[in-house]
Amino acid sequence: IVYRTQMLRDMNYSQTEGIAFTDTEWALLPLERVEKACYLQLSVYRYLVGREGQTVDSRRAAALHSQGTKTLFRQITGFSNMKDLSAEKKRYMTLFLLCNIKYTYRTYLVTSYKHISHDCLLDFDDRLRDANIELYNMMNDVPVQPSIPLYFVREWRKDRNVTPLSVRFFRTMIFPLLRRIGKS
């Protein structure tokens, strides 16, 4: 994503420095001021995948998760403070944030629950509720995958003290679903 320098200056844009995942701030926060956009089938940046120690390295995901959460809350706060967004912009930004929030819950609940404390998950859920109740409530209706109607955040919120989720998730949602499919 490339923005006009003057637009960034006019809005006094600043980006979190010294931590991972700030590119997500860049992809969302300046959009408030964007009036026109165009897509060019042109690569202006190439991310080198495969270098040891990268933020996308699954072995480092849990260790860097707090940095991703910090940038995510900066985006949520920025979005919550935006006024007079068009319906299209608000919808796009909401979907963008829901994808990132979903990734965060999935990391806590499914993929890295052994490496991230349960207290971090509770704190994240409470902070999201306090930062933006609309996004918080929308997460109850976000499925684990678009083609799989399993609402893992809603299920976890029924008893936030149970962890790991994967055991309860399979016992209460996957196995009954498989039984129903087997009967049809």
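Predicted, not measured: the structure shown is a model, and the values here were computed from it. (Residues numbered from 1 in each chain as written. Predicted model: local features only at pLDDT ≥ 70, side-chain atom pairs only at ≥ 80, totals over all residues. Heavy atoms only, no water.)

### Thoughts on the pattern of salt bridges
Inspection of the entire model under this criterion finds nine salt bridges. In this structure, the salt-bridge partner of Asp-125 is Arg-160, at a minimum N-O distance of 2.7 Å. Note that Asp-125 is positioned in helix α5 (residues 118–131) and Arg-160 in the loop between α7 (152–157) and α8 (165–183), a separation of 35 residues in sequence. A salt bridge links Asp-126 to Arg-129, with the nearest nitrogen and oxygen atoms 3.1 Å apart. Here Asp-126 and its partner Arg-129 are both found in helix α5, three residues apart, which amounts to about one turn of the helix. Judged by its relative accessible area of 32%, Arg-129 falls in the partly exposed class. In the salt-bridge network here, residues are joined through shared partners; they are Asp-125, Asp-126, Arg-129, Asp-130, Arg-157 and Arg-160. (Salt bridge = Lys/Arg side-chain N within 4 Å of Asp/Glu carboxyl O. Helix = DSSP H or I, 4+ residues; strand = E, 2+ residues; numbered from the N terminus. Buried < 20%, exposed > 50% of the residue type's maximum accessible area, 1.4 Å probe, protein only.)

### Regarding unusual backbone geometry
Trans peptide bonds make up the majority, and among non-glycine residues the majority have a negative phi. Its identity is not glycine, yet Asn-12 carries a phi of approximately 55°, on the positive side. Take Asn-12: its relative accessible area is 65%, and that puts it in the exposed class. Phi is positive for Asp-84, close to 60°, though the residue is something other than glycine. On the accessibility criterion, Asp-84 (81% relative accessible area) is exposed.

### Comments concerning the nonpolar core
Buried together is how nonpolar side chains tend to be arranged in soluble globular proteins. In terms of nonpolar packing, the biggest core is built from 37 residues, with Ile-76, Leu-97, Ile-101, Tyr-105, Leu-128, Leu-135 and Met-139 touching the most fellow members. Of all the secondary-structure elements, those providing two or more residues to this core are α1 (5–10), α2 (23–28), α3 (61–80), α4 (87–111), α5, α6 (133–138) and α7. Those residues in contact with Leu-135 that lie beyond four places of it in its chain are Ile-76, Phe-79, Thr-94, Leu-97, Leu-98, Ile-101 and Leu-128. (Core = buried A, V, L, I, M, F, W, Y, C linked by side-chain atoms within 4.5 Å. Contact = heavy atoms within 4.5 Å.)

### Examining the environment of Ile-19
Take Ile-19: it is sitting in the loop between α1 and α2. Residue Ile-19 is classed as partly exposed on the basis of its relative accessible area of 22%. In sequence terms Ile-19 and Gly-68 are 49 residues apart; their C-alpha atoms lie 8.3 Å from each other. Not counting chain neighbours up to four residues away, the residues in contact with Ile-19 comprise Gln-67, Lys-70 and Thr-71.

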